[in-house]
Amino acid sequence: MKGVSSIRRLARGLYRFTLPFLVAALGVSPDPLAPQRTLVLERFDVELRVDPSGVFTVTETLRPRFSGAWQGLFRDLSLEHRTAEGRRRLLEVELLAVTDEAGRSLTFEDTREGPSVRRFRIWVPGAQDATRTVVLRYRVSNGLRFFAEGSEPGPLDEIYWNVTGNRWEVPIEAASARVVLPPGAVPRQWAAYTGPEGSRGTDAQARLEGGVVEFHTTRVLGPGEGLTVAVGWEPGVVARPPSPPPWRRALFTAWPWLVPFLAFWFGHRSWSRHGRDPAPQAVVVRYEPPEGLGPTEVGTLVDHTVEMHDLTATLVDLAVRGYLTVEERQEKLLGLLPHREYWFHHQEPPPRHEALTPHEEEFLRALFAVEGPSSARAPAAAASVSLSSLKNRFYRHLPAIRKAVYRQLIAKGCYRKDPVAVRGAWSLAGILFIAVGAFAWFFSFQAYEGEETSKALGGALVLSGLVILGWGQIMPARTEQGARAREWALGFREFLRRVEEDRFRRMITSPQLFERYLPYAMAFRVEGRWARAFEGLYTEPPRWYRGDQGASFRPSAFTRDLGRMVASAATAMTSSPSSRGSSSG
């Protein structure tokens, strides 16, 4: 119990100790029935004494008038400073003393309010219905401004000082500043400004006496208002800090722009070692596809990307090989409007069938799944689904199907790494560079001393990110085997594109080639040309497609019908609830 009582006494003491300062900061009374407490600064007198070394001493004499019971007051000193070149700098301030009018030391706390404000919390004895005096003395070592030849004011030394600060929440009835220059320094120009921060009000008078300039306000300064003075004199009396040579300043500001060149060099080095295909060879016309590669794999190998026409070629390929049939029906939408619907019917694997690849198995599971994620089991035999039922369902399986295609190409020796993963890693690095650069650019406006460098660094990082993103797009690389298979695929595509020419049409040895190579022609988007080469040769509709072919069958008309089905399938397979049925197919 004794420990609990001690804690309670400590809490009450802290409450009584801190409450007056909170009340002073908020300007309210803790008790609405208690007398209103007020605080007014009767005078705020400052002496600025400049030494030949370039350091100046500030003596602030404050006369606060307390009405009611107070513990003391706050003095917020802004450390933000602009050099003659316009760079932001934090002032180096050394506190010398905090006393009363008789020179007796006062109790105070020295804290920071953010990076650019130093707060002095000062306890003032007898601060109740009385006027007291508080004296602060501190030394500033880097507060002068030195203008060079060619600048707007010309060669000039200057002290530019916010005398009172602009964070006071109480009025200042009178403020003054006395600027004492070192012997031999003759004031050349001076000015005083009053009002809120950034204001150019001139409610102050100035007077010159020898090497001393005195300023006095001519009106009461309200809360948030202050007095700022400036005095300039000819250079040569006060020691100027050594100015770095221009090349060093330029180097300090411009070095971040080396980063984009380093990013380009690193990207080129990585591409030369890991991202460049083996030396290309001549593309020769081929009359059959690369051995062991299906239409989806061939289409992917050509451009590193599993596109929707590559996947819909899998649909046709599975139908050609007997794993499903396609039925075209004329139905009525909402029982009124005529509507073309397609149905897919799962079939038992044909005798001596080829083993399905993982992406084909995943495709079939996705096609005949009832709802939700793909089933762990193969779809039931003779299951049927309509094309419209794939909407908002099939899209969930697309990432797994695409990933399976890339894994197959890696397993077959065409790639060392997944092209999507390679692009993703480089894209992530580029985006991180851009994000960090944007933050550096944003925070450069809050930086001190290195503002120009921070801006340059931000811009350089953003540019480096764009360079990395660019390299990432060409970084996926095929192996030697993959490069040769791609050239074979391009040669086969050339045959499919030019099959209508006499010298290539002679290579059509049987009508069965139409169905066999049709999925590849669809993956290459040349199915129309491929079909026209079989006009008059392929006269029977395929068994895996049931539709209205009319009295006579024509491959070109059939291919157009099949193209409509494939386009509708691409739309349905990519539609999701968020896309409202939109498609990139």
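Below is a summary of the structure that appears in this document. Just so it is clear, the structure is predicted and the values come from calculations on it, not from any experiment.

**So, the sheet that holds strand β12 (residues 156-162)**
Here we have four strands laid out as an open sheet, ordered β11-β12-β17-β14, and antiparallel in their pairing. Edge strands, defined here as strands with exactly one partner in the open sheet, are β11 (144-147) and β14 (187-195). Along the sheet, successive strands turn relative to each other by an average axial angle of 20°, direction set aside. Note: β11 against β12, four bridges, orientation antiparallel.

**Observations concerning the environment of aspartate 303**
Turning to its location among the elements, aspartate 303 is positioned in helix α4 (residues 295-303). The class of aspartate 303 is partly exposed, set by a relative accessible area of 29%. Separated by 173 residues in sequence, aspartate 303 and proline 476 have C-alpha atoms that sit 9.9 Å apart. Once residues lying within four places of it in the same chain are set aside, the contact partners of aspartate 303 are Arg423 and Arg478.

**Comments concerning helix α10 (residues 480-497)**
A rise of 1.5 Å per residue sets the reference length of α10, with its 18 residues, at 26 Å; its end C-alpha atoms lie 26 Å apart and thus fit the reference within 8%. Residues of α10 that are buried: Gly482, Ala483, Arg484, Ala485, Glu487, Ala489, Leu490, Gly491, Phe492, Phe495 and Leu496. Contacts from the buried residues of α10 go to α4, α11 (502-505), α12 (512-523) and α13 (527-532).

**Observations regarding the sheet that holds strand β7 (residues 108-112)**
Across a sheet, strands are paired by hydrogen bonds formed along the backbone, either parallel or antiparallel in direction. The three strands are arranged β3-β8-β7 in an open sheet whose pairing can be described as antiparallel. Two strands close off the open sheet at either side, each with one partner strand: β3 (72-78) and β7. Each strand axis lies, on average, 20° off the axis of its neighbour in the sheet, ignoring direction.

**Things to note about unusual backbone geometry**
For histidine 304, which is not glycine, the phi dihedral falls at a positive 70°. In this structure, histidine 304 sits in the loop between α4 and α5 (308-320). The exposure class assigned to histidine 304 is buried, which follows from its relative accessible area of 10%. Phi at arginine 525 takes a positive value of approximately 65°, unusual for a residue other than glycine. Judged by relative accessible area, arginine 525 falls into the exposed class, the value being 56%.

**Re the packing of aromatic side chains**
Across all of its chains, the model carries 20 aromatic pairs by this definition. Relative to tryptophan 471, the ring of phenylalanine 264 has its centre 5.4 Å away and its plane inclined at 55°; by these criteria the two rings are tilted. Residue phenylalanine 264 is located in helix α3 (residues 258-275), and its partner tryptophan 471 is located in helix α9 (residues 451-473); the two are separated by 207 residues in the primary sequence. On the basis of relative accessible area, tryptophan 471 is assigned to the buried category, the value being 10%. With a centroid separation of 6.0 Å and 50° between ring planes, the pair formed by tyrosine 517 and tryptophan 530 is classed as tilted. One end of the pair, tyrosine 517, is in helix α12; the other, tryptophan 530, is in helix α13, and 13 residues separate them in sequence. Classification of tyrosine 517 as buried rests on a relative accessible area of 4%. Among the aromatic residues, ring-to-ring pairing joins Tyr287, Phe492, Phe495, Phe514, Tyr517, Tyr520, Trp530, Phe534, Trp544, Tyr545 and Phe558 into one connected group. One residue, arginine 37, lies across the ring of tryptophan 70, its end atom 3.9 Å from the ring centre. Here the guanidinium or amino end of arginine 200 rests over the ring plane of tyrosine 193, the centre of that ring lying 4.5 Å away.

**Examining the pairing of strand β10 (residues 134-140)**
Among the seven residues of β10, five are classified as buried, and the element is accordingly described as predominantly covered. Looking at chain direction, strand β2 (residues 56-69) and β10 are connected through seven bridges and run antiparallel. Its bridge partner lying in β10, threonine 61 is registered against valine 135. Summarising the sheet, strand β6 (residues 93-99) and β10 pair through six bridges and their orientation is antiparallel. If you follow valine 98 over to β10, its bridge partner there is leucine 136.

**Looking at α3**
With 18 residues, α3 extends 24 Å from end C-alpha to end C-alpha; this agrees with the ideal 26 Å at 1.5 Å per step. Along α3, the residues that are buried comprise Val259, Pro260, Ala263, Gly267, Ser270 and Gly275. The arc enclosing the buried residues of α3, seen along the axis, measures out at 95°, which places them on a common side. Facing away from the buried side of α3, by more than 90 degrees, are the exposed residues Leu258, Phe261, Leu262, Trp265 and Arg273.

**Comments concerning the pattern of salt bridges**
In this structure the tally under the stated criterion is 32 salt bridges. Aspartate 76 is the salt-bridge partner of arginine 119, the closest N and O atoms lying 2.8 Å from each other. One end of the pair, arginine 119, is in strand β8 (residues 117-123); the other, aspartate 76, is in strand β3, and 43 residues separate them in sequence. Judged by its relative accessible area of 10%, aspartate 76 is buried.

**Focus: a nonpolar patch on the surface**
A contiguous nonpolar patch, built from Trp255, Leu258 and Leu262 and spanning about 320 Å² of accessible area, is present on the exposed surface. Counting through the fold element by element, leucine 262 comes out in helix α3. Taking the relative accessible area as the measure of exposure, leucine 262 reaches 54% and is therefore exposed.

**Some thoughts on the environment of glycine 222**
Along the chain, the position of glycine 222 falls in the loop between β16 (212-217) and β17 (226-233). A relative accessible area of 19% means that glycine 222 is categorised as buried. Each C-alpha atom of the pair glycine 222 and proline 196 lies 8.9 Å from the other, and the pair is 26 residues apart in sequence. Glycine 222 has contacts with Val170 and Pro171, leaving out every residue within four places of it along the chain.

The rules behind each value
- Residues numbered from 1 in each chain as written.
- Predicted model: local features only at pLDDT ≥ 70, side-chain atom pairs only at ≥ 80, totals over all residues.
- Heavy atoms only, no water.
- Pairing = 2+ DSSP bridges.
- Helix = DSSP H or I, 4+ residues; strand = E, 2+ residues; numbered from the N terminus.
- Axes fitted to C-alpha atoms, helices over the stretch in contact; angles between N-to-C directions.
- Buried < 20%, exposed > 50% of the residue type's maximum accessible area, 1.4 Å probe, protein only.
- Contact = heavy atoms within 4.5 Å.
- Expected span 1.5 Å × (residues − 1).
- Phe/Tyr/Trp six-rings, centres within 6.5 Å; stacked < 30°, edge-to-face > 60°.
- Lys NZ or Arg CZ within 6 Å of the ring centre and 35° of its normal.
- Arc of directions from axis to C-beta.
- Salt bridge = Lys/Arg side-chain N within 4 Å of Asp/Glu carboxyl O.
- Patch = residues over 30% accessible without salt bridge, like charges linked within 9 Å, V, L, I, M, F, W, Y side chains within 5 Å.
- Areas by Shrake-Rupley, 256 points an atom, 1.4 Å probe, with all protein chains shown as cover.

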